Amino acid sequence: MKLFYTPGACSLSPHIVALEAGIDLDLCKVDLKTHTMENGDDFRKINPKGYIPALQLEGGEILTEGATIVQFLAEQKPNAHLAPPVGSLAHYRLLEWLNFLSAEVHKLFKPLFWDGPEDEQKEARESLVRRFDYIEKRLVKDYLMGDEFSVADAYLYVLSRWLEDQQFDMSRWPKLQAFQERMAQRPSVKQALQEEKL
Ligand SMILES: N[C@@H](CCC(=O)N[C@@H](CS)C(=O)NCC(=O)O)C(=O)O
């Protein structure tokens, strides 16, 4: 399988999950400003939506949307226990987290990364603080779903790195900081950061 990625962007989450699952990935870097791949081809031919991540499956089909890709990867290797069994309540808890991270947290970074108008940036920063205050309260155990790592943690880790990039005061969220340190110790995270040259 091939992952279309941009270093440090949301595609880092499926990259980490694939390593956790023991799935070999080819990596293809995408420049988001020009929408081109390393060979100069237009990435929009791969994903007409124009954004990463995109996963090319063995048969050539393209799967998009980070929250979907990580579930797909987890289900390829059920013995890696990266997601609870489909149909269990825990599975819906996982979907609840993935949807929250995607729709209510990830999107808020957009005006910050793409230099949106100042008032939009201010509003996004205030909303992000509220969202991460909520996450901080819910991080009562080592990981979002409890004692065990799940695919939602890879997503949260990537989003929490962006807080640092955007100079948020991380001391407001000590449990999140401890979570980041815990994640940084995982071999999958070390390897993904190294492969993305971060
Ligand atoms: N809904 C998509 C959003 C992905 C997304 O926002 N990707 C960003 C990088 S983190 C991107 O490629 N932005 C460039 C663009 O939208 O043109 C998902 O969750 O996978």
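What counts, and where the lines are drawn
Residues numbered from 1 in each chain as written. Predicted model: local features only at pLDDT ≥ 70, side-chain atom pairs only at ≥ 80, totals over all residues. Heavy atoms only, no water. Phe/Tyr/Trp six-rings, centres within 6.5 Å; stacked < 30°, edge-to-face > 60°. Helix = DSSP H or I, 4+ residues; strand = E, 2+ residues; numbered from the N terminus. Buried < 20%, exposed > 50% of the residue type's maximum accessible area, 1.4 Å probe, protein only. Lys NZ or Arg CZ within 6 Å of the ring centre and 35° of its normal. UniProt positions renumbered as here; feature names shortened; annotations may be inferred. Axes fitted to C-alpha atoms, helices over the stretch in contact; angles between N-to-C directions. Parallel < 35°, antiparallel > 145°, perpendicular 65-115°, else oblique. Left-handed = near helix turned anticlockwise from the far one by under 90°. Contact = heavy atoms within 4.5 Å. Nonpolar A, V, L, I, M, F, W, Y, C, P; charged D, E, K, R; others polar. Domains from an automatic or database assignment. Buried area = accessible area lost by both parts, 1.4 Å probe. Salt bridge = Lys/Arg side-chain N within 4 Å of Asp/Glu carboxyl O. Polar contact = N/O pair within 3.5 Å; in protein donor to acceptor, adjacent residues only side chain to side chain. Expected span 1.5 Å × (residues − 1). Near = heavy atom within 4 Å. Areas by Shrake-Rupley, 256 points an atom, 1.4 Å probe, with all protein chains shown as cover.

Per an unreviewed UniProt entry, the chain carries the name Glutathione transferase GstA and comes from Microbulbifer epialgicus.

Let us now look at the packing of aromatic side chains. As enumerated under the stated definition, the model contains 11 aromatic pairs in all. Ring centres of tryptophan 97 and tyrosine 134 lie 6.1 Å apart, and the angle between their planes is 40°; on these two criteria the pair is classed as tilted. Of this pair, tryptophan 97 sits in helix 3 (residues 89-105) while tyrosine 134 sits in helix 5 (residues 118-138), and the two are 37 residues apart along the sequence. Since its relative accessible area comes to 36%, tyrosine 134 is described here as partly exposed. We note arginine 125 situated over the ring of phenylalanine 168; from NZ or CZ to the ring centre the distance is 4.1 Å.

Taken from the UniProt record, the annotation "domain: GST C-terminal" (unreviewed entry) applies to residues 87-198. The distance separating the terminal C-alpha atoms of residues 87-198 is 37 Å; by composition the span is 69% helix and 0% strand.

Viewed as axis vectors pointing N to C, helix 1 (residues 12-21) and helix 6 (residues 151-165) meet at an angle of 140°, and their least axial separation amounts to 8 Å. The angle between helix 1 and helix 6 places the two elements in the oblique class. The element helix 1 and its partner helix 6 pack so that their crossing is right-handed. When helix 1 is examined against helix 6, the residues Leu12, Ser13, Ile16 and Val17 are found in contact with a partner set consisting of Val151, Ala154, Tyr155, Tyr157, Val158 and Arg161. Residue composition of the contact of helix 1 with helix 6, grouped by class: 8 nonpolar, 1 polar and 1 charged.

Attention now moves to the domain arrangement of the chain. Assigned domains within the chain: domain 1 (2-79 + 188-195) and domain 2 (83-186). The straight-line distance from the C-alpha centre of domain 1 to that of domain 2 is 19 Å. Contacts between domain 1 and domain 2 engage 18 residues on the former and 19 residues on the latter. When the two sides are added together, the surface that domain 1 and domain 2 hide from each other amounts to roughly 1600 Å², 71% of it contributed by carbon and sulfur. Where domain 1 meets domain 2, there are 1 salt bridge. Across the salt bridge formed by glutamate 20 and arginine 186, the nearest N and O atoms sit 2.7 Å from each other. Seen at the junction of domain 1 and domain 2, the total is 5 residue pairs in polar contact (both at pLDDT 80 or more).

A few words on unusual backbone geometry. For the peptide bond that leads from isoleucine 52 to proline 53, omega is 0°, which places it in the cis range. Position of proline 53 relative to the elements: it lies in the loop between strand 3 (36-37) and strand 4 (54-56). Positive phi outside glycine occurs at aspartate 115, with the angle close to 50°. Tracing the backbone through its elements, the reader meets aspartate 115 in the loop between helix 4 (110-113) and helix 5. We classify aspartate 115 as exposed; its relative accessible area is 65%.

The end-to-end C-alpha distance of helix 3, which contains 17 residues, comes to 23 Å, matching closely the 24 Å that a straight helix rising 1.5 Å per residue would cover. Here helix 3 has its buried residues at His91, Leu94, Trp97, Leu98, Phe100, Leu101 and Val105. On its buried face, helix 3 is in contact with helix 2 (66-76), helix 5 and helix 6.

It is worth spelling out the site of the ligand at this point. Around the ligand, the structure places 14 residues, and the nearest of them are Cys10, Tyr51, Ile52, Glu65 and Gly66. In the model, an oxygen atom of the ligand is placed 3.4 Å from a nitrogen or oxygen of the histidine 35 side chain. Histidine 106 places a polar side-chain atom, nitrogen or oxygen, 3.5 Å from an oxygen atom of the ligand. Compared with its free state, where it exposes 510 Å², the ligand has 83% of that area covered by protein. Considering only residue class, the shell around the ligand consists of 8 nonpolar, 4 polar and 2 charged. Residue contributions to the shell around the ligand reach at least three from each of two domains, namely domain 1 (2-79 + 188-195) and domain 2 (83-186).

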